[in-house]
Amino acid sequence: RCAGGGYLAGNAMYTVDAGHMAIKYNRMSGVGSTNYREGIHFVMPWFERPIVFDVRTRPHTMTSLTGSKDLQMVNISLRALAKPDPAKLAEIYRYLGLEYDEKGLPSIMIEN
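Everything numeric in this text was worked out from a predicted model, so none of it was measured. (Residues numbered from 1 in each chain as written. Predicted model: local features only at pLDDT ≥ 70, side-chain atom pairs only at ≥ 80, totals over all residues. Heavy atoms only, no water.)

**Q** I keep staring at the pairing of strand 1 (residues 13-16) and nothing clicks. Help me out?
**A** Looking along a regular strand, one sees the side chains alternate between the two faces of the sheet. What you see with strand 1 is a clean split: Tyr14 and Val16 sit on the buried side and Met13 and Thr15 on the side with no burial. Here strand 1 pairs with strand 4 (residues 39-42) via four bridges, running antiparallel. Within the sheet, the bridge partner assigned to threonine 15 lies in strand 4 and is isoleucine 40. (Buried < 20%, exposed > 50% of the residue type's maximum accessible area, 1.4 Å probe, protein only. Helix = DSSP H or I, 4+ residues; strand = E, 2+ residues; numbered from the N terminus. Pairing = 2+ DSSP bridges.)

What follows is the structure, given as structure tokens:
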């Protein structure tokens, strides 16, 4: 009995660090829409788990080798500063996952 109580107490809280936000995944209802800011928050062990996002602005660099009009090969680098919209974290997680910057940004950067 004591081991079960220790498990529940140890896993009933989680910390969201500065510059991060979290949403909760519930085994019954799926991804929640409430955002949790920095601080200590509570979860129901096994039924819920936190999904923590880094919401700070981060640089992403993409390099491409392309040809110019006079048939010379030119190496072009594009650096974009990006961060997720905190109001849409649940939607970002549902469609792109935690690797949203690796999946979404290259296609956006290629179009520019």
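Further notes follow.
**Q** What am I meant to see in the sheet that holds strand 3 (residues 30-31) here?
**A** The strands that make up a sheet pair up through hydrogen bonds in the backbone, lying either parallel or antiparallel. In spatial order, the strands read 3-2-5; together these three strands make up an open sheet with antiparallel pairing. The sheet terminates laterally at strand 3 and strand 5 (48-54), the two strands that pair on one side only. In this sheet, strand 5 lies alongside strand 2 (residues 20-26) in antiparallel orientation, the contact comprising seven bridges. Note that in strand 5 the partner of asparagine 26 across the bridge is glutamate 48.

**Q** I keep staring at the packing of aromatic side chains and nothing clicks. Help me out?
**A** Summed over the entire model, instances satisfying the criterion amount to three aromatic pairs. Between tryptophan 46 and phenylalanine 47 the ring centres are 5.2 Å apart and the planes differ by 80°, which places this aromatic pair in the edge-to-face class. With a centroid separation of 6.4 Å and 90° between ring planes, the pair formed by phenylalanine 53 and tyrosine 93 is classed as edge-to-face. Taken together, the positions of phenylalanine 53 in strand 5 and tyrosine 93 in helix 2 (residues 89-95) put the pair 40 residues apart, joining distant regions of the chain. You'll find phenylalanine 53 and tyrosine 93 in the same group, each marked buried. Grouping aromatic residues by their ring pairs yields a cluster made of Phe53, Tyr93 and Tyr100. Directly above the aromatic system of tryptophan 46 lies the positively charged group of arginine 27, at a separation of 4.3 Å from the ring centroid. (Phe/Tyr/Trp six-rings, centres within 6.5 Å; stacked < 30°, edge-to-face > 60°. Lys NZ or Arg CZ within 6 Å of the ring centre and 35° of its normal.)

**Q** What is the right way to look at unusual backbone geometry in this model?
**A** Residues other than glycine predominantly adopt negative phi, and peptide bonds predominantly adopt the trans conformation. One non-glycine residue, tryptophan 46, lies in the positive phi region at around 75°. Checked against the element boundaries, tryptophan 46 lands in the loop between strand 4 and strand 5. What makes tryptophan 46 exposed here is its relative accessible area of 52%. A positive phi is found at leucine 71, a non-glycine position, where the angle reads about 65°.

**Q** Please clarify how the side chain of glutamate 48 should be interpreted in this entry.
**A** Residue position: glutamate 48 is located in strand 5. Glutamate 48 sits in the buried class, given a relative accessible area of 18%. In contact with glutamate 48, not counting residues within four places along its chain, are Lys24, Tyr25, Asn26, Phe42 and Val43. (Contact = heavy atoms within 4.5 Å.)

**Q** When you look at the side chain of histidine 41 in this model, what are you seeing that I'm missing?
**A** Looking at the element boundaries, histidine 41 is found in strand 4. Residue histidine 41 is classed as buried on the basis of its relative accessible area, which comes to 16%. Among the polar contacts made by the side chain of histidine 41, one reaches the main-chain carbonyl oxygen of arginine 37 at a distance of 2.7 Å. Dropping the residues within four chain positions of it, histidine 41 is found in contact with Ala12, Met13, Tyr14, Val16 and Tyr36. (Polar contact = N/O pair within 3.5 Å; in protein donor to acceptor, adjacent residues only side chain to side chain.)

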